[in-house]
Protein chains: 4
Amino acid sequence: MEFEESGIGEECGVFGCVAAGEWPTQLEVGQILTLGLVALQHRGQESAGIVTSTGANPPTYTTLKGMGLVNTAFKPEDLAKLRNVNLGIGHTRYSTTGISELQNCQPFVVDTLHGKIAVAHNGELVNASALRKKVMRHGVGLSTSSDSELITQLLALTPPMEELDTPDWVARIKNLMTETPTSYSLLVMYKDVIYAVRDPYGNRPLSIGRLVPISKLHSSGAGETDTEGWVVSSESCSFQSIGAKYYREVQPGEIVQISKNGLKTLSVVPRPEGDPPAFCIFEYVYFARPDSIFEGQMVYTVRQRCGRELAIEAPTDADVVSTVPESATPAALGYAKQSGLPYVEVLCKNRYVGRTFIQPNTRLRQLGVAKKFGALTDNFAGKRVVLIDDSIVRGNTISPIIKLLKEAGATEVKCF
Amino acid sequence: MEFEESGIGEECGVFGCVAAGEWPTQLEVGQILTLGLVALQHRGQESAGIVTSTGANPPTYTTLKGMGLVNTAFKPEDLAKLRNVNLGIGHTRYSTTGISELQNCQPFVVDTLHGKIAVAHNGELVNASALRKKVMRHGVGLSTSSDSELITQLLALTPPMEELDTPDWVARIKNLMTETPTSYSLLVMYKDVIYAVRDPYGNRPLSIGRLVPISKLHSSGAGETDTEGWVVSSESCSFQSIGAKYYREVQPGEIVQISKNGLKTLSVVPRPEGDPPAFCIFEYVYFARPDSIFEGQMVYTVRQRCGRELAIEAPTDADVVSTVPESATPAALGYAKQSGLPYVEVLCKNRYVGRTFIQPNTRLRQLGVAKKFGALTDNFAGKRVVLIDDSIVRGNTISPIIKLLKEAGATEVKCF
Amino acid sequence: MEFEESGIGEECGVFGCVAAGEWPTQLEVGQILTLGLVALQHRGQESAGIVTSTGANPPTYTTLKGMGLVNTAFKPEDLAKLRNVNLGIGHTRYSTTGISELQNCQPFVVDTLHGKIAVAHNGELVNASALRKKVMRHGVGLSTSSDSELITQLLALTPPMEELDTPDWVARIKNLMTETPTSYSLLVMYKDVIYAVRDPYGNRPLSIGRLVPISKLHSSGAGETDTEGWVVSSESCSFQSIGAKYYREVQPGEIVQISKNGLKTLSVVPRPEGDPPAFCIFEYVYFARPDSIFEGQMVYTVRQRCGRELAIEAPTDADVVSTVPESATPAALGYAKQSGLPYVEVLCKNRYVGRTFIQPNTRLRQLGVAKKFGALTDNFAGKRVVLIDDSIVRGNTISPIIKLLKEAGATEVKCF
Amino acid sequence: MEFEESGIGEECGVFGCVAAGEWPTQLEVGQILTLGLVALQHRGQESAGIVTSTGANPPTYTTLKGMGLVNTAFKPEDLAKLRNVNLGIGHTRYSTTGISELQNCQPFVVDTLHGKIAVAHNGELVNASALRKKVMRHGVGLSTSSDSELITQLLALTPPMEELDTPDWVARIKNLMTETPTSYSLLVMYKDVIYAVRDPYGNRPLSIGRLVPISKLHSSGAGETDTEGWVVSSESCSFQSIGAKYYREVQPGEIVQISKNGLKTLSVVPRPEGDPPAFCIFEYVYFARPDSIFEGQMVYTVRQRCGRELAIEAPTDADVVSTVPESATPAALGYAKQSGLPYVEVLCKNRYVGRTFIQPNTRLRQLGVAKKFGALTDNFAGKRVVLIDDSIVRGNTISPIIKLLKEAGATEVKCF
């Protein structure tokens, strides 16, 4: 399935990093944040942002934001400004609601009575509309349509702003979690700590990694004393590219405080009794990178297992098994293995098609998916093809693909 | 005096336009806003913004913002989006506080319980710091350091958000004026009207103009029935470039509602008893364009009169009178006329110098004002020069200019 | 193998289109050129250019050029300028020699005694250095380091410029082919025709397609009378995305004239006696898109056959066969099929890594390929892996990949 | 007169700098070039370029080019590349012929048999069309429509390219001067020298300055031994902003070689017998900055003298004298002084108007010059005005200005 056609919103990636031990750190926090976001780029290519903190009292925050891919959004001269920072959070945005504008780019930073907080968020609040109204009734004007601004204002709003030296952010976060049960994986940075939060249903993923010396990355003996810093990310696939070891997932409803002294679970907000966790199935199906680990299992392996199951539940009389590249490939390989049918590639994808400007009502409009997929005719001409797609919601994409394969010589195309 | 060195903040220009009579209008509101801002460009070159409304119920707002001059900030394809709008407000920003970023660019738009409002503002709130604290204590997070966001949030905040069909904006604006007495000239757009507001002290300028058919622009007989629309602007100098007749100033403390039906004074908030109005003297001295009219007098004429006064109060034995181009030229001409001394030009200004990147600690740094001003030696070599500057605050610029003139042959330089 | 590390130059793609029949054409030539280049984007992402002609006498040429991908390089408002054109050529550039600058972007257009010619070129002249010297000795100053400018100047230079109405371009092209035997696939546009040329060795690919009504695209009965236009492209994979049928390849040494009246072979320049054709092997190995057809065979099929051959020539005792994604995948599948070993995926590629700015001498530098490839551990942990890469030249990339797989649990990695 | 309406082409500015004495130099050559061009910015705002040389054997050339003002065209990170250079030439371009594109931006650099030369040029070749044909007949393809490329190719072309170690550039330049008598002020950089050339008629200006220690800039005793470098510029106004003393003009027909060892006149090509020099009158009238010196006289003084002459030749019965700002101001002051009439300002110019995008056929189109000039009514209402413009060619601008002044209350406007 084409993600763009799914109508499923708020992919997005969040990433945070806190240097461990004595500050100022030797760790390249700014670059770790950048590379971490690059590894989450598949979760959002619309815009990218980083907010860092020196962690001093008072802290200095630095914000980088830009449209497009991480490598486009941040320029070398901007990244140079991120030297001497000790912690930070970042975000890659997949534009769903609202227009693609720099002002919708996360993390969102606001100044509160207690100083600045920065918020990065993946998810969609189920009751966003009611919450917007509530916040506005309180007299707050909202300058964007994003849930992130809403979350930030909710954090600032309740409980009432006490004029204390150390505000009770945990109480505020818990209050937020009461107001809106799902869905969000959230990073909140305040001065020298990051609060990493998953909603009580655990709908969106959030994993913690531990930065160790590269030399000890693959040895089992890298103990706690070797910890150079902590990272928290939408997906564990980002850990390997920055030299972090997978540590654990943030649990549904958990609020983890990450500081230079390490991790501390501040609270675990429970679900309504009887409600099961509700991890987003589409993470397994196509959001996530196949080498990421959720709930103890590699995404690739889950996808492959789905393919095997499919072959058992829906055996087909066919000649070959294939995939709509590329998130469906593990499932297709699983189907092939289980069914004993040979796996072949039938489509070649042009990843550069993007938003080519084509005038409406022209000859070229009729060509549809042929602009994006080329047929590898030799592999399936005269054959019956089982074609595995990652999911079929509206079928807008798969129907023309079937047509394309038939026109190119497939005698039959069965699609799952 | 160099404005950049004055430390005086918030120049900025605001401009609004409402088409009169039946909507949809034939008036090119988008282009009038653009040209109006171009005419106020001397008040701010950092960024520019326009927010328009269809005025329908509900209205559609369109926002254009960009860094730099108006002609750079708005692209033709963006301006094309402003067709079919019936009213709008705009802003040119001179960056004072806060960094130069798109997110600080005005007008500021927020969504409230009653729908979106757009705010453009020229001035500096005397009690901004206390107001920020007040707003944040209420639980509002502020995402910029600008007074405009603060004003917008204050408008949304009090009185408490009633859930009425027609919110009482006048009460809200009056409340704002109670909270902060000065300084602001303010345009607030809501659906199909613009509220034009000057603070009770009348610190910043705001004038109203009437759009008439070009053919009747210079006839005295263009009556009310010929009104094509209304404009409101920081300075009346913008009226001629869009075909508007000068109508009147918004009075100190006045709240004027501008709609397609014309003007209506909704309230005039008084000053504390005994307090005189306090129009910003620097508007006369160098902010304003010389052809603008404030308090019934042309700025040029006021400047010239100052020069005459100076010649009376401080007569000098000299050979020639001159100016530091160019805001001081009327005063220098006035001084010359009054004193009987000949007026000559002694300096030639390079207006392209701008922010040329020069490495510190180099030979070129020592050259100072010579990068900006060339000496017209023939006009003053061997002569005693009276040099009129618009104002001398810190003297950072004038001292090296005096040095430059002496090195170029002036026997004496007296500077006012 | 990483292409960037191969040192093999001048990938690039060329594409041309001529509308058939009466002019002005209804064919969207500008958009066909754009989409054609998008389909050749894998051959060069550095810059893109299009030059079109009205084909009138005298013709009007329009040039679009920009850095980056086709979709970035050409803006919608630029493409709008390409209406009412009847023919054109385009180019996607992979920067090899010379810096990445707009001025190196092709097609190259020069004005000659006979009017403007436009040249797009894929290849590298074996004797470029000697030819540059020859051209410069003649007194021509060369403004770029590109072969394309050299070719263009050579075409203008000899034979001596006769002042005829119709210059003998064929003689000039033949002369060029005498001067430099290889390698180039060349499009030369002059007024209303395109000359499509392959060097005598046929080193670089060049194929011709026929534009037919979309409705007849897949029927075998689309006769000559249905021809809407002609396209010529580095690879036939571009044909399907614009609705063209594969027609034939330009032959080694052939000069084909493409006009609104169709194709005409003007000359076939022979190779030195005894010399075989020398089609670039790297086109099969990794330059070309797998669904392209060269010499009558689909690239994918050739790659797969290579994998089978490898399995015969180099059988290995192993548990699984895999690929370095993605150009080696057909070969890996071929090896697996032939050897009977199971095919699995072991690496997940992050295609967004690109030119991330990383400071030298840092912890992150050590991570190497881990920034680009994630290990799909479940698929190979504890197993012996046969890893197929498309080619191994210097081994800069493959060694760290092997290390990565071993660290992730492979007991053995054999690499081809 | 509006320069844009004059149809007079090729304003442009050229600037060169060579560090004196031992190399590598301590002189900031890159920054001197930049500031020098900023001082010539009034001669061209379309694009800017710099080419520098290390002067080593072989030399390394660095090219910076960009659209717009110098400060926009060159970014700080680009300028940083110009460290460690010993000489260079630059150009600001006023687009006349040809489109505004980066490829037309000067200096033009070409590779010749003897290595690269860089050429910057101000002027228009009288016989450009014939020369283009000549060059093209020789077999050279021209890639732009600019005279600069033509000059560069002519320099490469004749005399025939000898394969010597030290090519005879002087012979080549002299040959060029034979081919085309006017108009050009030319800088040719080759390895470690700059050739500064004025055409035999001396149509365009070119002056030489001497860089001395800032401390000795205004002392008369700065002897030859204090020379830090040499600069050559279209106008001497640039000297003061970089700390150079005016030295002398390049003479009509003179070829001056500038090297680290100083100046050397290599040749003076004579005019046809009987022909007088023909310095461009428009330099005095409005091209040049008033503080520049040509033929021993300050431009400002010449303009003022013209005003006095005008008052003698064309005395008028009027109340006030004024100017169309701003190049006509010296003449107006001269007229006023001579005639005894008072000088006043009547127009206020908005320098930001630029290329505001206005749709055709709209109300705003009719406003004409009112977008650009505001009337300072108080200064002329009810009076007869003598209005001095720098020159009146087609009268496109002056007529509407007269109309504007009359509508604003002038009883009579006499215009020169």
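Along each chain, residues carry numbers from 1 onward, in the same order as the chain's sequence is written. Chains carry letters and ligands carry numbers; both start at the beginning, A for chains and 1 for ligands, and go up in the order they are written. pLDDT decides what is reported in this predicted model: residues at 70 or higher carry local features, side-chain atom pairs at 80 or more are listed and counted, and totals for whole chains, interfaces and linings draw on all residues regardless. Values reported for side chains reflect all heavy atoms of the structure, with hydrogen atoms and water molecules removed beforehand.

A. Seen up close, the relation of the copies chain C and chain A. To superpose the copies, least squares is applied to the C-alpha atoms of every residue with a pLDDT of at least 70 in both. For the pair chain C and chain A, the best superposition has an RMSD of 0.1 Å and corresponds to a rotation of 180 degrees with a translation of 0.0 Å parallel to the axis. Such a combination of turn and shift is consistent with a two-fold rotation axis. It is Tyr343 of chain C whose C-alpha, among those of chain C, lies nearest the rotation axis, at 4.6 Å. Between two residues, a contact is recorded if the distance between any of their heavy atoms is within 4.5 Å. Both copies share a contact surface, since 100% of the interface residues of chain C are interface residues in chain A too.

B. Region of interest: unusual backbone geometry. In this chain, Pro325 of chain C is followed by Glu326 of chain C through a cis amide linkage whose omega measures 0 degrees. Tracing the sequence through the fold places Glu326 of chain C in the loop between strand S16 (320-323) and helix H10 (329-339). Along the chain, Gln106 of chain D connects to Pro107 of chain D via a cis peptide bond; the corresponding omega equals -10 degrees. In this description a helix means any DSSP run of H or I spanning at least four residues, a strand means any run of E spanning at least two, and both kinds are numbered starting from the N terminus. Assignment of secondary structure puts Pro107 of chain D in the loop between strand S4 (87-93) and strand S5 (108-112). Of note, Cys12 of chain D is a non-glycine position whose phi angle comes to about 65 degrees, a positive value.

C. Summary view of the pairing of strand S2 (residues 47-53) of chain B. Residues and elements named next belong to chain B. Three labels apply to residues, based on accessible area from a 1.4 Å probe with only protein chains included: buried if under 20% of the type maximum, exposed if over 50%, partly exposed otherwise in between. Here S2 lies mainly inside the structure; 7 of its 7 residues are buried. Residues Ser47, Gly49, Val51 and Ser53 line one face of S2 and the alternating positions Ala48, Ile50 and Thr52 line the opposite face, and both faces are buried. By the convention used here, strands pair only if DSSP detects at least 2 bridges between them. Here S2 pairs with strand S3 (residues 61-67) via 7 bridges, running antiparallel. Across the sheet, the residue bridging to Val51 is Thr63, located in S3. Pairing between S2 and strand S4 (residues 87-93): 7 bridges, direction antiparallel. Considered in S4, the bridge of Ala48 is made with Thr92.

D. Molecular detail of a nonpolar patch on the surface. Taken together, the side chains of Met67 and Leu102 of chain A together with Met67 and Leu102 of chain B present a nonpolar region at the surface, about 270 Å² in accessible area. Relative to the helices and strands, Leu102 of chain B is located in the loop between S4 and strand S5 (108-112). A relative accessible area of 33% places Leu102 of chain B in the partly exposed class. Put simply, a patch holds well-exposed residues, over 30% relative accessible area, that have no salt bridge, with like charges counted together within 9 Å and Val, Leu, Ile, Met, Phe, Trp or Tyr side chains within 5 Å. The protein chains shown are the only cover counted for residues, whose accessible areas, like all others here, come from Shrake-Rupley with a 1.4 Å probe. When a carboxyl oxygen of Asp or Glu lies within 4 Å of a side-chain nitrogen of Lys or Arg, that pair is called a salt bridge.

E. Main features of the interface of chain C and chain A. Between chain C and chain A, the contact holds 65 residues from the first and 65 residues from the second. There are 2 salt bridges connecting chain C and chain A. Arg351 of chain C is the partner of Glu326 of chain A in a salt bridge, and the nearest nitrogen-oxygen pair spans 2.5 Å. Pairs of N or O atoms are called polar contacts if they sit within 3.5 Å, as long as, within protein, a hydrogen donor faces a hydrogen acceptor (for residues adjacent in sequence, only side-chain-to-side-chain pairs). There are 14 residue pairs in polar contact (both at pLDDT 80 or more) connecting chain C and chain A.

F. Structural detail: the sheet that holds strand S12 (residues 254-259) of chain C. Residue and element names in this part refer to chain C. Pairing is antiparallel across the open sheet formed by 6 strands, whose spatial order is S5-S6-S7-S8-S12-S13. One side of each edge strand has no neighbouring strand; the edge strands of this open sheet are strand S5 (108-112) and strand S13 (262-268). Taken pair by pair, the neighbouring strands of this sheet meet at an average axis angle of 20 degrees, ignoring direction. Geometry is summarised by axes, namely lines fitted to C-alpha atoms with helices restricted to the contacting stretch, and by angles between N-to-C directions that run from 0 to 180 degrees. Here helix H5 (residues 147-157) sits on the sheet in contact with S5, strand S6 (115-122) and strand S7 (185-190), set at roughly 140 degrees to S6.

G. Region of interest: the side chain of Glu28 of chain D. With respect to the helices and strands, Glu28 of chain D occurs in the loop between strand S1 (13-19) and helix H1 (29-39). The buried category is assigned to Glu28 of chain D, whose relative accessible area is 16%. Not counting chain neighbours up to four residues away, the residues in contact with Glu28 of chain D comprise Thr362, Arg363 and Leu364 of chain B.

H. The arrangement of helix H6 (residues 169-179) of chain C in detail. Of all the residues in H6 of chain C, the buried ones are Trp169, Val170, Arg172, Ile173, Leu176 and Met177 of chain C. The buried side chains of H6 of chain C occupy one side of the element, clustering within an arc of 160 degrees when seen end-on. By construction, the arc corresponds to the directions joining the helix axis to the C-beta atoms.

I. Focus on the packing of helix H4 (residues 128-137) of chain C against H5 of chain C. All names here are of chain C. Following both chains from N to C, one finds H4 and H5 inclined at 50 degrees, their axes separated by 10 Å at the closest point. Comparing their axes, H5 and H4 come out oblique. In the packing of H4 onto H5, the handedness of the crossing is left-handed. Across the interface between the two elements, Ala128, Leu131, Arg132 and Val135 from H4 touch Asp147, Leu150, Gln153, Leu154 and Leu157 from H5. In terms of residue class, the contact of H4 with H5 is made up of 6 nonpolar, 1 polar and 2 charged. For classification, angles of less than 35 degrees are called roughly parallel, those exceeding 145 degrees roughly antiparallel, those between 65 and 115 degrees roughly perpendicular, and all remaining angles oblique. Left-handed describes a crossing whose near helix is turned anticlockwise from the far helix through less than a right angle; right-handed describes the clockwise counterpart. Three classes are used, and their members are as follows: Ala, Val, Leu, Ile, Met, Phe, Trp, Tyr, Cys and Pro are nonpolar, Asp, Glu, Lys and Arg are charged, and the others, Gly among them, are polar.

J. Local environment of the pattern of salt bridges. One pass over the full model with this rule turns up 60 salt bridges over all chains. Between Asp111 of chain A and Arg132 of chain B there is a salt bridge; the shortest N-O distance is 3.2 Å. Of this pair, Asp111 of chain A sits in strand S5 (residues 108-112) while Arg132 of chain B is found in helix H4 (residues 128-137), placing the two residues in two different chains. You'll find Asp111 of chain A and Arg132 of chain B in the same group, each marked buried. Its salt-bridge partner being Glu249 of chain A, residue Arg198 of chain A comes within 4.0 Å of it at the nearest N-O pair. Placement of Arg198 of chain A in strand S8 (residues 193-198) and of Glu249 of chain A in strand S11 (residues 244-249) is noted, with a sequence separation of 51 residues between them. Bridged by salt links that share partners, the residues Glu326 and Arg351 of chain A together with Glu326 and Arg351 of chain C form one connected network.

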